[in-house]
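Analysis of the macromolecular model
These are the residues of each chain, in order.
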Amino acid sequence: MSDFLNKFEDENYDGKSIISNDFSSEKINDKPLFNSDETYQNKTVNNSVINEQVTSVKKDAIMQNNDVNNDEIIVKDVNYSKNQRKRKILLIIGGIASLILIALIVLMINIVKVPNLVDKDLSQVKSWAKEANVNLIVEKKYSNKYDENIVLKQEKKKGSHILKKSNFEIVVSKGADPEEKIEVPNLMYMDISEINEWISDNKLDNVELKAVYSKTYPKDKVMSISYEGDFVSASNYHRQDAMIIKVSKGKASLTKNIVVPDFKTTDKYEVQDWAQEYGITVNYYYSTHPKKVKNAIIKQSIKKGEKMSQSQSLSVTVSLGKSVKVPDFSKMTKASASSYSSIKVSVKSKYDSKVKYGKLISQSIQAGTYVTSSQKINVTYSEGKPFIDDITGYTQKDVEKYFYNLNLKGAKLKYKIIKETSNNKELLKNSVLRTSIQNDYAKIGATIKVYIKKN
């Protein structure tokens, strides 16, 4: 190509024709361009044709030049791709960082910081768990150190973090083990402070210190020790067992200088507080009352305003609650007794040969008696004589169940199975053909013959 272009240099090209030495110094205008045997013969080459050839050659040169420029652009594209790749990597890293940041924000919103819950009451911990949206799992264990419902241990330490709605375990005290065996010291030779310390250290809620006046024992001296329950003693004493320790209050004052208040407007607990404050012995009696509520004082042995000494004792009657007059259930039907709501009534029925059907046989508390509304009364109504139905076609198992239900109501019936052949094709083998009493009343305690088809 370059050799061909060289032919167009100034010394070989005059604007009209190419001067070349390649054609044996002959001019193009002088010699034909084609051989004599060709179809067309041209003596001269038109300038237009030559110009077209030159234009074509120039275009080729320009295209080659463009190819060179394109090579330079390709080199630039390599750097562009690298930059694009870096940009994509940065975008990916930024996206991942954003996701991590969002995840951290969500995590922080749903994280709960654990406080110190040990030594706290269970009710306080439940309030915290509800507010923090945490599922509290409570395990209970006996503890001599912690009182009941106090937290002994927590799953996570103070300052740690947990997720909302996650489980959080704590161990809560059930108090001291009531079945633990306790070593009882020689209490007779201990003073009040030592006894109280022993009670406190061993969490003994069932030990009662009872102070009484004594002419022989000095004040605060232990007079006696007693235990409640079978096989309970000093060598076999458990925390749940009851113990009463009587302690002397010394000699009672004979001076009547204690004014008795009006206890009929108070209750049993105020009497106890007053008696403890003034060292008075109180005897308690219990009774129902149509108006007085439970534990209210009905009457007192020493009138209000009178004076008494510590050597005297006071007796009070305590109400068991508002009383209800027991009705006469013989004047009620069984249905009416079942719906009676003033007191608790348990209604039953049983067979009775002497009492007609529907009549009252008995009631556990006599009519007209006053009882509390919580008192339970049993009433029984008569079912009359037991009635034997037509049980033809029953199986032996059905027969057994039938008489069992009759006897639940006091029928006391017996039955005897007798097997016999039968031409009755409607009944299956081992079915009841008939009974000795059928569709009729039977005496209480009677024996009923039951005939069973054997073929």
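Keep in mind that this is a model prediction, so the values were computed, not measured.

Across its full length, the protein chain holds 7 helices and 22 strands. Here the protein chain holds 455 residues, and 28% of them are scored as buried. Total accessible area on the protein chain stands at roughly 31500 Å², and carbon and sulfur atoms take up 49% of it.

Next up on the list: the sheet that holds strand β15 (residues 360-363). Here 3 strands make up an open sheet; going across it, the order is β14-β17-β15 and the pairing mixed. Strand pairing shows two members of the sheet lacking a second neighbour, β14 (344-350) and β15, which therefore form its edges. For this sheet, the mean angle separating the axes of adjacent strands, direction not counted, is 20°.

Turning our eyes to something else, we now look at the packing of aromatic side chains. Between two aromatic rings, the relevant description is the distance of the centres plus the angle of the planes. Counting across every chain of the model gives 9 aromatic pairs. Here Tyr227 and Tyr237 contribute two aromatic rings whose centre-to-centre distance is 5.9 Å and whose plane-to-plane angle is 55°, an arrangement assigned as tilted. In this pair, Tyr227 is assigned in strand β7 (residues 222-228) and Tyr237 in the loop between β7 and β8 (242-248), connecting sequence segments 10 residues apart. Residue Tyr227 is classed as partly exposed on the basis of its relative accessible area of 24%. Given the relative accessible area of 0%, Tyr237 is considered buried. Residues Tyr402 and Phe403 carry aromatic rings whose centres are separated by 5.5 Å and whose planes lie at 85° to one another, so their mutual orientation is edge-to-face. Through pairs of rings, three or more aromatic residues link up here, namely Tyr394, Tyr402, Phe403 and Tyr415.

Another point: the confidence of the model for the protein chain. Atom-level detail of predicted coordinates should not be read off regions where pLDDT is low. Mean pLDDT over the protein chain works out to 82, with 81% of the residues at or above the 70 mark. Across residues 15-47 the pLDDT falls below 50, and counting only partners more than four positions away or on other chains, this stretch makes 26 contacts in the model. Low pLDDT, under 50, characterises residues 66-73; the stretch is placed with 0 contacts to residues that sit more than four places away or in other chains.

Let us look at the layout of surface pockets. Considering only enclosed or pocket space, the largest pocket measures out at about 670 Å³ in volume. Lining the largest pocket we find 21 residues, and of these Lys210, Ala211, Lys249, Gln276 and Ile280 sit closest to its centre. Those elements that provide at least two residues to the lining of the largest pocket are β6 (207-212), β8, α5 (268-278) and β10 (281-289). Looking at which element gives the most residues to the lining of the largest pocket, the answer is β6, with 5 residues. When its residues are assigned to classes, the lining of the largest pocket shows 8 nonpolar, 6 polar and 7 charged.

Conventions we followed
For every chain, the first residue of its written sequence is number 1, and the numbers climb from 1 along that sequence. Local features in a predicted model are, by the rule used here, given only for residues with pLDDT of at least 70; side-chain atom pairs are given and counted only at 80 or more, and totals for whole chains, interfaces and linings are based on all residues. Only hydrogens and water are set aside; all other atoms, that is, all heavy atoms of the structure, feed into the side-chain values. Secondary structure elements are taken from DSSP: a helix is a run of H or I of four residues or more, a strand is a run of E of two residues or more, and numbering for both begins at the N terminus. Classification of residues uses two cut-offs on accessible area relative to the type maximum, computed with a 1.4 Å probe and protein chains only: under 20% is buried, over 50% is exposed, and between them is partly exposed. Accessible areas in this description were obtained via Shrake-Rupley with a 1.4 Å probe; residue shielding takes into account the shown protein chains only. What makes two strands pair is DSSP finding at least two bridges between them. Every angle, taken between N-to-C directions, lies between 0 and 180 degrees, and every axis is a line fitted to C-alpha atoms, over only the stretch in contact when it is a helix. Aromatic pairing here means that ring centres of Phe, Tyr or Trp (its six-membered ring) are within 6.5 Å. Orientation follows from the plane angle: under 30 degrees is stacked, over 60 is edge-to-face, and everything else is tilted. Note on scores: pLDDT gives the predictor's confidence for each residue, bounded by 0 and 100. In this description, contact between two residues means that some pair of their heavy atoms is separated by no more than 4.5 Å. Using a grid of 1 Å spacing that covers the protein atoms alone, one calls a set of points a cavity when a 1.4 Å probe fits there but cannot get out, and a pocket when the set is open and has protein on both sides within 12 Å along at least five of seven lines; lining residues are those with an atom within 4 Å of a point. Grid points are joined across faces, edges and corners, and a volume is the space filled by probe spheres set on the points. Basically, the charged four are Asp, Glu, Lys and Arg, the nonpolar ten are Ala, Val, Leu, Ile, Met, Phe, Trp, Tyr, Cys and Pro, and anything else, Gly included, counts as polar.

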